[in-house]
Amino acid sequence: KRERVMKQLMADLHKNAKIEIEDQGLLAYDYRLKGDLDKAIVTYNEAIRQTPDNGYLSIFLGDTYQQKGWTAEALGAYRRAVEINPADPNFYITLGKAYQMAAGTQIGSGEVMSQRTAYAMAGEQLQKAATLAGDDVGLHKTLSGLFEELGMTADKNKQLSEIARINKYQEFVKETQEKAAGQK
């Protein structure tokens, strides 16, 4: 009986609890989840003012701009994220994908970004990501697919070669460790 009463008490507390989110980044995300994109944008900008060295906030702001169809603003937010975190290959991938999606859309004062320009800019960002991808097979696989979408066959093949190199290295390490373990 006591357990049932406690469960009911906890259920009532959860039902009646009022949670206030104080962190501006989390509050902006909450607005975004609820579909209030305008409040999310204002709140993300406030969070960025409070924590200017957090590139993820700029990524999330860019995502929100994209949801609204504001391509130029999204690209600007993603570029800021890359400036803040220039060693994160995922930020370059995000910027590259945004450029790819910008093909044929209006940016700036009435200009439409051509597919050729958009794909060239996307490819440039993805090449930077590839340089930073290290031995992350998952990133190289992602990049291979993105290069393929852009028609950048040579870059796609470089990623596939990198994946083969990493797999060969990992197999060598595994064999070496198994041999060493067998000699003990």
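In case you missed it, the structure is sitting above this.
What you see is a predicted model, and the numbers here were worked out from it, not measured in a lab.

A. View of the overall build of the protein chain. A tally of regular secondary structure across the protein chain gives 9 helices and 2 strands. Its helices and strands in sequence order give the protein chain the pattern α-α-α-α-α-α-β-β-α-α-α, from N to C terminus. Oriented by its inertia axes, the alpha-carbon framework of the protein chain measures out at about 65 × 60 × 25 Å. Sequence separation of at least 24 residues holds for 45% of the intrachain contacts in the protein chain that already meet a minimum separation of 6. Roughly 11,800 Å² of accessible area belongs to the protein chain as shown, and the carbon and sulfur atoms make up 52% of that amount.

B. Broad picture of a nonpolar patch on the surface. On the surface, Met 6, Leu 9, Met 10 and Leu 13 cluster together to form a nonpolar patch covering roughly 370 Å² of accessible area. Counting through the fold element by element, Leu 9 comes out in helix α1 (residues 2-16). Relative accessible area serves as the criterion here: at 43%, Leu 9 is assigned to the partly exposed category.

C. Structural context of the nonpolar core. Membership of the largest hydrophobic core comes to 37 residues, with the highest contact counts inside it found for Leu 61, Leu 75, Ile 93, Met 113, Leu 126 and Leu 143. Going through the elements one at a time, α3 (37-50), α4 (55-68), α5 (71-84), α6 (89-101), α7 (115-132) and α8 (137-149) are the ones with two or more residues in this core. Not counting the four nearest positions on each side in its chain, Leu 143 is found in contact with Ile 93, Leu 126, Ala 129, Ala 130, Ala 133 and Gln 159.

D. Local environment of the pattern of salt bridges. Inspection of the entire model under this criterion finds 7 salt bridges. Among the salt bridges present, the one from Lys 68 reaches Asp 38, with a minimum N-O distance of 2.7 Å. Within this pair, whereas Lys 68 is found in helix α4, its partner Asp 38 is found in helix α3, the two being separated by 30 residues in sequence. Taking the relative accessible area as the measure of exposure, Lys 68 reaches 28% and is therefore partly exposed. For Glu 148, the salt bridge is made with Lys 156, and the minimal N-O distance between the two is 3.7 Å. What emerges from the salt-bridge pattern is a single network uniting Asp 135, Glu 162 and Arg 165.

E. A look at α3. Between the first and last C-alpha of α3 there are 20 Å, a value that for 14 residues agrees with the 20 Å anticipated at 1.5 Å per step. Within α3, burial applies to Leu 37, Ala 40, Ile 41, Thr 43, Tyr 44, Ala 47 and Ile 48. Those residues of α3 that are buried are in contact with α2 (24-33) and α4.

F. Representation of α7 within the structure. The end-to-end C-alpha distance of α7 is 26 Å, a good match for the 26 Å that 18 residues give at a rise of 1.5 Å each. Residues of α7 that are buried: Ala 118, Ala 122, Gly 123, Gln 125, Leu 126, Ala 129 and Ala 130. Here the buried face of α7 lies against α6, α8 and α9 (153-182).

Cut-offs used in this document
- Residues numbered from 1 in each chain as written.
- Predicted model: local features only at pLDDT ≥ 70, side-chain atom pairs only at ≥ 80, totals over all residues.
- Heavy atoms only, no water.
- Helix = DSSP H or I, 4+ residues; strand = E, 2+ residues; numbered from the N terminus.
- Contact = heavy atoms within 4.5 Å.
- Areas by Shrake-Rupley, 256 points an atom, 1.4 Å probe, with all protein chains shown as cover.
- Patch = residues over 30% accessible without salt bridge, like charges linked within 9 Å, V, L, I, M, F, W, Y side chains within 5 Å.
- Salt bridge = Lys/Arg side-chain N within 4 Å of Asp/Glu carboxyl O.
- Buried < 20%, exposed > 50% of the residue type's maximum accessible area, 1.4 Å probe, protein only.
- Core = buried A, V, L, I, M, F, W, Y, C linked by side-chain atoms within 4.5 Å.
- Expected span 1.5 Å × (residues − 1).

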